[in-house]
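# Observations on the model geometry
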Amino acid sequence: MGRVETVQWWRDAVVYQIYPRSFQDTNRDGIGDLEGIRRRLPYLVDLGVDAVWLSPFYPSPMADFGYDVADYCDVDPMFGTLDDFDRLLADIHAAGMKLIVDWVPNHTSDRHPWFVAARSSKEDEKRDWYVWADARPDGSPPNNWQSVFGGSAWQWDAPTGQFYLHSFLPEQPDVNWRNPEVEAAMFDVLRFWLDRGVDGFRMDVVSFIMKDPELRDDPEPPSDLPPRSRAHPDVHGVFRRIRRLLDSYDPPRVAIGEIHEPDWDRWASYYGQDNDELHLPFNFTLLHAPWNARVIRRLVDACDSAVPEGGRPNYVLGNHDEVRLAGRIGPEQTRIAAMLLLTLRGVPTLYYGDEIGLEQLDIAPERQQDPWGRRVPGMGRDGCRTPMRWDDSPNRGFCDDDVEPWLPLGTGPDVASMDADPGSLLALYRRLLELRRKEPLLRSGRYRSVEAPPACFAFERFDGDRVLGVVLNFGSDPVPLPDTRRVRVSTLLDRSGSQIRSLRPHEGVVFDVPVGGS
Ligand code: NOJ
Ligand code: CA
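Quick look at the structure, then. (Residues numbered from 1 in each chain as written. Chains lettered and ligands numbered in written order. Predicted model: local features only at pLDDT ≥ 70, side-chain atom pairs only at ≥ 80, totals over all residues. Heavy atoms only, no water.)

## Things to note about the overall build of the chain
Helices and strands together make up the secondary structure of the chain, namely 15 helices and 17 strands. Its C-alpha atoms give the chain a radius of gyration of 23 Å, near enough to 24 Å, the size a compact globule of 518 residues would have. If you line up the chain on its principal axes, its C-alpha atoms span 75 × 55 × 45 Å. Relative to its full complement of 518 residues, the chain shows a buried share of 59%. Put simply, of all contacts in the chain between residues at least 6 apart along the chain, 66% involve residues at least 24 apart. Of the roughly 20,000 Å² of accessible surface on the chain, 50% is carried by carbon and sulfur atoms. Positive and negative side-chain charges of the chain, numbering 60 and 83 respectively, have mean locations separated by a distance of 5 Å. (Helix = DSSP H or I, 4+ residues; strand = E, 2+ residues; numbered from the N terminus. Rg over C-alpha atoms; globule rule 2.2 N^0.38 Å. Buried < 20%, exposed > 50% of the residue type's maximum accessible area, 1.4 Å probe, protein only. Contact = heavy atoms within 4.5 Å. Areas by Shrake-Rupley, 256 points an atom, 1.4 Å probe, with all protein chains shown as cover. Lys, Arg positive; Asp, Glu negative; His and termini not counted. Charge placed at Lys NZ, Arg CZ, Asp CG, Glu CD.)

## Considering the site of ligand 1
Around ligand 1, a shell composed of 14 residues is seen, among which Asp 64, His 107, Asp 204, His 320 and Asp 321 lie nearest. Asp 204 places a polar side-chain atom, nitrogen or oxygen, 2.7 Å from an oxygen atom of ligand 1. Between ligand 1 and Arg 381 there is a distance of 2.9 Å, counted from an oxygen atom to a side-chain nitrogen or oxygen. The fraction of the free accessible surface of ligand 1 (290 Å²) that becomes covered by protein chains is 97%. For the shell around ligand 1, the residue count by class is four nonpolar, three polar and seven charged. (Near = heavy atom within 4 Å. Polar contact = N/O pair within 3.5 Å; in protein donor to acceptor, adjacent residues only side chain to side chain. Nonpolar A, V, L, I, M, F, W, Y, C, P; charged D, E, K, R; others polar.)

## Quick notes on the coordination of the calcium ion (ligand 2)
Under perfect tetrahedral coordination by four donors, a metal shows angles of 109.5 degrees; under perfect octahedral coordination by six donors, it shows angles of 90 or 180 degrees. Surrounding the calcium ion (ligand 2) are the protein donor atoms Asp 25 (OD), Asn 27 (OD1), Asp 29 (OD), Ile 31 (O) and Asp 33 (OD), at 2.2 to 2.3 Å. In primary-sequence terms, the residues that donate to the calcium ion (ligand 2) follow D-x1-N-x1-D-x1-I-x1-D. Look at Asp 25 and you get buried, because its relative accessible area is 6%. (Donors = N, O, S within 2.8 Å, 3.2 Å for Na, K, Ca; no water.)

## Some remarks on the sheet that holds strand β12 (residues 446-450)
Spatial ordering of the open sheet is given by β12-β13-β14-β17-β15-β16, a layout of six strands whose pairing is antiparallel. Unpaired on one side and paired on the other, β12 and β16 (499-503) mark the two borders of the sheet. The average angle at which neighbouring strand axes cross in this sheet is 45°, direction not considered. By the bridge criterion, eight bridges tie strand β13 (residues 456-463) to strand β14 (residues 466-473) in an arrangement that is antiparallel. Its bridge partner being in β14, Cys 456 is matched across the sheet by Asn 473. Sheet contacts for helix α11 (residues 334-343): β13, β14, β15 (479-490) and β17 (508-513); angle to β14, the most-contacted strand, approximately 155°. Of the strands in this sheet, β15 and β17 are in contact with helix α14 (residues 425-438), which crosses β15 at around 85°. (Pairing = 2+ DSSP bridges. Axes fitted to C-alpha atoms, helices over the stretch in contact; angles between N-to-C directions.)

Just geometry here; none of it tells us what the structure is for.
Written as structure tokens, this is what we have:
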């Protein structure tokens, strides 16, 4: 097996994703900022997460709220300054946490100086830093590739008479990773942040960076042949070089990749044949699955066994692109989700606000902010990006009360009210995170699922004959258990230490399994 790493902090980490626009405003523009995140660090310490991942805060025209980067090595004034960043990083480290930043390698903003130059003329030395192609004889785009945001992935550039590729918005032209100068420039970006001290990267749509060099058509759906517009096998070589760069730092930094790959073997291939590519290719399967015990068991079993020896599984239940967890599964099940996420083997990523059950908000058409939603009705992602609720003041502590927050705040619970309630969802997250820290089986124990009543998913974390059990009731009826269990933690936080013979509706428990059987 592959490398020997001296420090592998990420193997046991719980990652907390912050969407910077929505955490805490401090300069009265109704938009969250880096200083706001810094001021809220005590909350994260108290919660007990290990690493913070920040979605992009780089200078950007905000066509895709920062996923259209105009300068990879600075901070957008909306979010603060590089000094603010350095202060935030120093405080995160002083608090014993790690910082992971977003890196957007597949595309830049169309206002990035590289693209401005590339677009200026076919002869420009940066022309080949992007993917250009001639029209077909009938004037149509060079192939059938589709933008993830809808429509052709090709944009006609009249002044230079060619199309350029944009796998996302036209304001997000894809760079050409087959040009070694692009790789060198993008690696310089990584070095810029690594030298400042970041602990790793979350790499945006990172398998998209390599495409079919001949730009051949994608197979027409419903074909299950691999697409040609993304995830060309040459991407593995780039991942190995990224990994070498990260490993050259002491301690080595972590590579988390946004990978959408439904085929388990192809997904697992991104760990690298020798565990020498991504540490954690995101596993989004639970995010897209129907919330039902049988399906979740099948997906967890599949993930846990697909991960190569020496690699770590990982699980995601929410992010800034998807319907909020509470909106997808209903508020009663959010406790089951918390226990599931924090007791499975591997690295969980927690989306800010899910720990207080932030709901999916319906945003009125006139308040829609997400450009994707404005372009394609129904696709907007604002509903899962609403600001964090800290207290019961009119703007819920997110921004001053005489300032308009960039998105509405909703009327549900907030951190302060949950702080005051020892049985709250937030208290459950804290309790589970504490249990994870104290109980080595939850960090390094192996995983196996076990038979359970149909509404339940049950599994064990074990190491030799030491076993911890978890059973989760996905249903709204009580479920008798086959034998008596001694509760370590119930999702309702009210019966630690008791012996139980049944689960209540929507209840999950972590329990001790006596040596010699469950
Ligand atoms: C994935 C990001 O998570 C999403 O928010 C963004 O719109 C696309 N990549 C394009 O960068
Ligand atoms: Ca602000």
